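Now for the letters of each chain:
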Amino acid sequence: MAVAVNKACLSICFRCTPEGWNGEADAPRPGADLADAIQAEAQKRGVDVAALRDVRCMSQCKRPCVVAFSGEGRFTYLFGDLDPARDAVAVLDAFALYTARPDGFMERFERPEALQAGILGRVPPLLPGARQVERRPAPIEAT
């Protein structure tokens, strides 16, 4: 799928399989189920599906199912431990918040519960003066 709403993209790993998953090799994986659920919910809400993209692997095998929010000049978020049957609504609620913010920054308490506990990372944008980017205090010298 292509580019996005307000230059933001929701990436979904369609190959994710939780530990203990015993599906057939060619069966749809839980990551694909999550992608399908998110796409169905997006269409129901009228969200531009061009903002969604399928990704073969996001290297989070110990914390599947995985989505990422990213965009030019925005924070990048990575979330895992999502439930395909339950969390599509939470993902799209958080993505709506993300796209509403110029830099995509979301406080923990603002995100739906599944995306509070399941956060794997938040990377600041490559912008001078980006939020959360600052110089470390100088070390205190021993006397």
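Quick note: structure is the one above.
J.: An account of helix 1 (residues 30-45) is requested, with residue identities and associated values reported.
T.: In a regular helix each residue adds 1.5 Å, so 16 residues correspond to 22 Å; helix 1 covers 22 Å between its end C-alpha atoms and thus fits that length. Residues P30, G31, A32, L34, A35, I38, E41 and A42 constitute the buried set of helix 1. Turning to helix 1, the residues buried within the fold contact strand 1 (8-13), strand 2 (52-55), strand 3 (67-71) and helix 2 (88-100). Phi for G46, located one or two positions after helix 1, is positive at around 80°.

J.: Got a sec to walk through the sheet that holds strand 2? Specific residues and values, please.
T.: Ordered in space as 2-1-3-4-5, the five strands form an open sheet in which the pairing is mixed. In this open sheet, the two strands that pair with only one neighbour each are strand 2 and strand 5 (119-123). Pairs of neighbouring strands in the sheet enclose a mean axial angle of 15°, with direction left out of account. Pairing analysis gives five bridges linking strand 1 to strand 3, with the strands arranged antiparallel. Bridging across to strand 3, C9 finds its partner in S70. Set on the sheet, helix 1 makes contact with strand 1, strand 2 and strand 3; between it and strand 1 the angle comes to about 145°.

J.: Give a description of the side chain of D103 that names residues and reports values.
T.: As for its position among the elements, D103 is in the loop between helix 2 and helix 3 (114-117). Taking the relative accessible area as the measure of exposure, D103 reaches 16% and is therefore buried. A polar atom in the side chain of D103 sits 3.0 Å from the backbone nitrogen of F105. Among residues more than four places away in sequence, those in contact with D103 are G73, R74, F75 and R131.

What counts, and where the lines are drawn
- Residues numbered from 1 in each chain as written.
- Predicted model: local features only at pLDDT ≥ 70, side-chain atom pairs only at ≥ 80, totals over all residues.
- Heavy atoms only, no water.
- Helix = DSSP H or I, 4+ residues; strand = E, 2+ residues; numbered from the N terminus.
- Expected span 1.5 Å × (residues − 1).
- Buried < 20%, exposed > 50% of the residue type's maximum accessible area, 1.4 Å probe, protein only.
- Contact = heavy atoms within 4.5 Å.
- Pairing = 2+ DSSP bridges.
- Axes fitted to C-alpha atoms, helices over the stretch in contact; angles between N-to-C directions.
- Polar contact = N/O pair within 3.5 Å; in protein donor to acceptor, adjacent residues only side chain to side chain.

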